[in-house]
Amino acid sequence: MITVVLVIHLLIAMALVGVILLQRSEGGALGIGGNAGFVSGRAAGNILTRATAFLAVAFFSTSMILAVLAGGNRAGSILDVPEQPASTPSGERSGEPSVPLSE
């Protein structure tokens, strides 16, 4: 299930990058875009804007689905620190030296 959602997520991400790159530049800081853009006209811009919004919503939705699926059955908070009992290596008792001092 995670693999299917991940593949869909990657396809949406690539489509989102493509749609964003097709849009006409408004600032013109690099000198590209202008009237020689690939897509021109108000209707085409409106379609690209709506496609960007749709793909963004789909991208965030698949991100949330992947987060829920990867979470599994975890309960509690990430701030909860489980208590670990102090354990000693096998064969040793606490309070006594591990190496005999005299024989």
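Residues numbered from 1 in each chain as written. Predicted model: local features only at pLDDT ≥ 70, side-chain atom pairs only at ≥ 80, totals over all residues. Heavy atoms only, no water.

Identification of the protein chain as Protein-export membrane protein SecG from Haematospirillum jordaniae is taken from an unreviewed UniProt entry. Turning to the protein chain, the UniProt record has this under Sequence similarities (unreviewed entry): "Belongs to the SecG family." (UniProt positions renumbered as here; feature names shortened; annotations may be inferred.)

Under the feature "transmembrane region" (unreviewed entry), the UniProt entry names residues 51–70. Strand forms 0% of residues 51–70 and helix 100%; the C-alpha atoms that close the span are 28 Å apart. (Helix = DSSP H or I, 4+ residues; strand = E, 2+ residues; numbered from the N terminus.)

Counted by the stated rule, this structure contains one aromatic pair. Relative to Phe 60, the ring of Phe 59 lies with its centre 5.9 Å away and its plane at 75°, an arrangement referred to as edge-to-face. With relative accessibility at 24%, the residue Phe 59 sits in the partly exposed group. You can call Phe 60 exposed: its relative accessible area is 56%. (Phe/Tyr/Trp six-rings, centres within 6.5 Å; stacked < 30°, edge-to-face > 60°. Buried < 20%, exposed > 50% of the residue type's maximum accessible area, 1.4 Å probe, protein only.)

The next thing to look at is helix H1 (residues 2–22). Taking 1.5 Å as the rise per residue, H1 with 21 residues should run 30 Å; its terminal C-alpha atoms sit 30 Å apart, in good agreement. What H1 keeps buried is the set Val 5, His 9, Ile 12, Leu 16 and Val 19. Each buried residue of H1 sits inside an arc of 95° when the element is viewed along its axis, so together they form one side. Exposed side chains of H1 directed beyond 90 degrees from the buried face belong to Thr 3, Met 14 and Leu 21. (Expected span 1.5 Å × (residues − 1). Arc of directions from axis to C-beta.)

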